[in-house]
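The residues making up each chain are set out below.
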Amino acid sequence: MTALALPTGEVDTSHGPILYLEGVSVSFDGFKALNNLSLYIDEGELRCLIGPNGAGKTTLMDVITGKTRPDNGSVFFGQTIDLLKLDEPAIAAAGIGRKFQKPSVFEKLSVFENLELALATNKGVWPTLFAKLTSIQRERIDEVLLTIGLIESRWQQAGDLSHGQKQWLEIGMLLMQEPKVMLIDEPVAGMTHQEIERTAQLLLSLQGERSVIVVEHDMEFVRSIAKRVTVLHEGSVLTEGTMDEVQNDPRVIQVYLGD
Amino acid sequence: MFKQFYEHDKAAFWLLTLIGGIVFLIPTANIIFPEESPFHVSAYSISIIGKYLTFALLGLSLDLVWGYCGILALGQGAFFALGGYAIGMYLMRQIGTRGVYGNADLPDFMVFLNWQELPWYWYGFNHFWFALLMIVLVPGLLAYVFGWLAFRSRVTGVYLSIITQALTYALLLAFFRNEMGFGGNNGLTDFKELLGFNIQSSAVRACLLIASGLALMLAFVVSKWVINSKLGRVITAIRDQEARVRFIGYRVELFKLWIFVFAAVLAGIAGALYVPQVGIINPSEFSPLNSLEIVIWVAIGGRGTLYGGIIGAVLVN
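Okay, so let's go over this structure. (Residues numbered from 1 in each chain as written. Chains lettered and ligands numbered in written order. Predicted model: local features only at pLDDT ≥ 70, side-chain atom pairs only at ≥ 80, totals over all residues. Heavy atoms only, no water.)

### Here's the deal with the overall build of chain B
Here is step 1: From N to C terminus, chain B includes 13 helices and four strands.
Here is step 2: Against the compact-globule benchmark of 20 Å for 317 residues, chain B has a radius of gyration of 20 Å, which places it among compact chains.
Here is step 3: When each of the 317 residues of chain B is scored for burial, the buried share is 54%.
Here is step 4: Counted over contacts in chain B with a minimum sequence separation of 6, partners at least 24 positions apart contribute 75%.
Here is step 5: Summing over all exposed atoms, chain B offers an accessible surface of approximately 13,900 Å²; the carbon and sulfur share of this is 66%.
Here is step 6: The positive charge centre, built from 19 side chains, and the negative charge centre, built from 16, are 14 Å apart in chain B. (Helix = DSSP H or I, 4+ residues; strand = E, 2+ residues; numbered from the N terminus. Rg over C-alpha atoms; globule rule 2.2 N^0.38 Å. Buried < 20%, exposed > 50% of the residue type's maximum accessible area, 1.4 Å probe, protein only. Contact = heavy atoms within 4.5 Å. Areas by Shrake-Rupley, 256 points an atom, 1.4 Å probe, with all protein chains shown as cover. Lys, Arg positive; Asp, Glu negative; His and termini not counted. Charge placed at Lys NZ, Arg CZ, Asp CG, Glu CD.)

Rendered as C-alpha cells:
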C-alpha cells in the first residue's frame, strides 16, 4: 500500500534507459512464454516489437504493467523503481500506461467521461468523490479530443464508436494519463488505410517527450514509424536493429517463413 | 429551482414527488377522516406502507452495489437485519419492568434463560443515540471487514455472490442460538415504547412512516449525487471493465469497498425503520432467501437506475 504515495515525475533516467528488463522468465503450466528475456528502452524512444504469434509480446506487456509476475528476472523503471514490487494501479501512477490489444474503453460512458477518468490526478476514493474538473483540466481534455479527432463525438457513448475510433479513444486515454512510457498493443488492428496513416503520425509526434513501445503485426505500419525494431521469438529477443537490418536477417526470415 | 430539477431529471422528480406525497397524505388521511369514511387510512395500513418504504430503501441500496458496481451481493439482507437488531435491542431495553417477568435490567428471554446480568454487548442500548450509532456502525463495520478481505483478494463474480450468501447464512445460524443473547429463535419482540411513546399508537406509526419516507428520499438524493460524481463513473467503469480501471491507476478494491459499505449502511437504516413498524425482529431476516428476493426486486425494477430498486420493492410486495 506504500506504493500509493509514490512520487510521480521522478524517474531516474540518468543512465539513459527508462525501462530495464533483465533475464525475465515467465512460464504457464510448463510453457515458457518468456525465456530469459532482456530488453532496454531509452527515454523518449519509439520502439517496435514484432514477432510471430506466441513469441511473448503480450506477456511482456503484462509483466511490465504488473498483470503477470515473472518467475525470474528483474524489471526496473528508471534506475530506482522496482516494478515487480508494485501492483497495477501503482505502476500506472508511476507513469506507465497501456493500451490493450482489444479496445477496452468504458462503453457506457461518453467519450469525454472516458478521458476524464484517465486524467492524471489524485485517484484516491474521497478525492474522486469530490472531484471537480478545473478549467485547465477541461482544456487538456479538449486538446486530447482534438488530437484523437473525436472532438465532435465528445458526448457520444463510447460503445457507439466505430472500431477505429475506439482505438483512438484508447490512445487518447493513454495521453490523458501523461505516462512516461506508453505500451501500445496493436494500435492499427481493424483500421482503414487513412486511419493507419493518422495513427502513425500521432505516434511519431509522441516520441521525444515519451517512450513508446508498439507491438504490431502490420509490417508496413512498423516500417513507417520504427527507428529500432526488436524481434521476439519463443520468449526471447531474436535480434534488434533498424527495420532494414531486421528484415534482411536470415534468422528473422526463417522464423517468419517457417522451417 | 424545482423547474430546473424537473427538466434535468424527470424520473427522479416524479419519484421524489410521489414519496413526498405518500409521506404527507397517508398520515393526514389517518387523522382527518373518521374511521367509517372511505378515505380513512387505518393504522395497520400505515405500517404496511411504511414497511414498503423501508423495503424500497433496501432495494435502492442493492442497486448501488449490483446495478452500478456489478457486485452481485447476495447478502444485503444481513445488513438490513443487523440494523433491525440494533433498534430492536433499544426497544427491548425500553420495556423495562413491563415485561412478563418484570425485570428492570434484563429482557424477558434472558430471565427465562436464567441469566443474572446483561451481556456486555447490550450495554448502551438503553440510550437512543447509542442505538442510532450502532444502526450505522455495525452493518458498516461488517461490510468493511468482509469487503476488505473479499475485494483485496480479488474475489469477484459468482464466488463473491456465494460467500455473501454464506455470510448471511452464518449470521442466521448464529442468531438462532440462545447463547448469543439475541433472543434466539423468537428474536426480539413485544416492544412497548419508542422514545417514551406507545409504539402501537397511530401517531408513532405515522411518524415512523414519515421517517421512512424521508430516509428514502434523502438516500435517493445522496445516491444520485454519488452516482453523478466522478466516483460514480469509476464505479460504472469497474462494472464494465474492471482490469482497465486498474491500469489507469485506480485502486479498484477501495472503490468497491466504499460503495459496498455505503450500501450496507443504507440497508442497516432500512432495517432499523422496518423493525418498529412490524414489531419484531428474528433470525429469519438473515435467511439467504430474503437476500435473493432483494435481487429480484432490483432486477424487476431495472438495475442501474436507482429508482429501479424502489419500484421493484414496492411492486413485488
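### Examining the sheet that holds strand E5 (residues 81-82) of chain A
Residue and element names in this part refer to chain A.
Here is step 1: Read from one edge of the open sheet, four strands run E2-E1-E4-E5, paired in antiparallel fashion. This sheet does not close on itself; its edge strands, each paired only once, are strand E2 (31-42) and E5.
Here is step 2: Bridging between strand E1 (residues 17-28) and E2 involves eight bridges; their strand directions are antiparallel. Each residue of the ladder has a partner; that of Leu19, found in E2, is Ile41.
Here is step 3: Against the sheet, helix H1 (residues 57-65) contacts E1, E2 and strand E4 (72-77), and its axis sits at roughly 115 degrees relative to E1. (Pairing = 2+ DSSP bridges. Axes fitted to C-alpha atoms, helices over the stretch in contact; angles between N-to-C directions.)

### Details of the pattern of salt bridges
Here is step 1: One pass over the full model with this rule turns up 21 salt bridges over all chains.
Here is step 2: The shortest N-O distance in the salt bridge between Arg140 of chain A and Glu178 of chain A comes to 3.2 Å. One end of the pair, Arg140 of chain A, is in helix H5 (residues 135-147); the other, Glu178 of chain A, is in the loop between helix H6 (163-176) and strand E7 (181-185), with 38 residues separating them in the sequence.
Here is step 3: Overall, the relative accessible area of 18% leaves Arg140 of chain A in the buried class.
Here is step 4: Residue class for Glu178 of chain A comes out partly exposed when judged on its relative accessible area of 40%.
Here is step 5: Measuring nitrogen to oxygen at the nearest pair gives 2.7 Å for the salt bridge that ties Glu170 of chain A to Arg244 of chain B. Highlighted residues: Glu170 of chain A in helix H6 and Arg244 of chain B in helix H10 (residues 242-247), drawn from two different chains.
Here is step 6: Classification of Glu170 of chain A by relative accessible area gives buried; the value is 0%. (Salt bridge = Lys/Arg side-chain N within 4 Å of Asp/Glu carboxyl O.)

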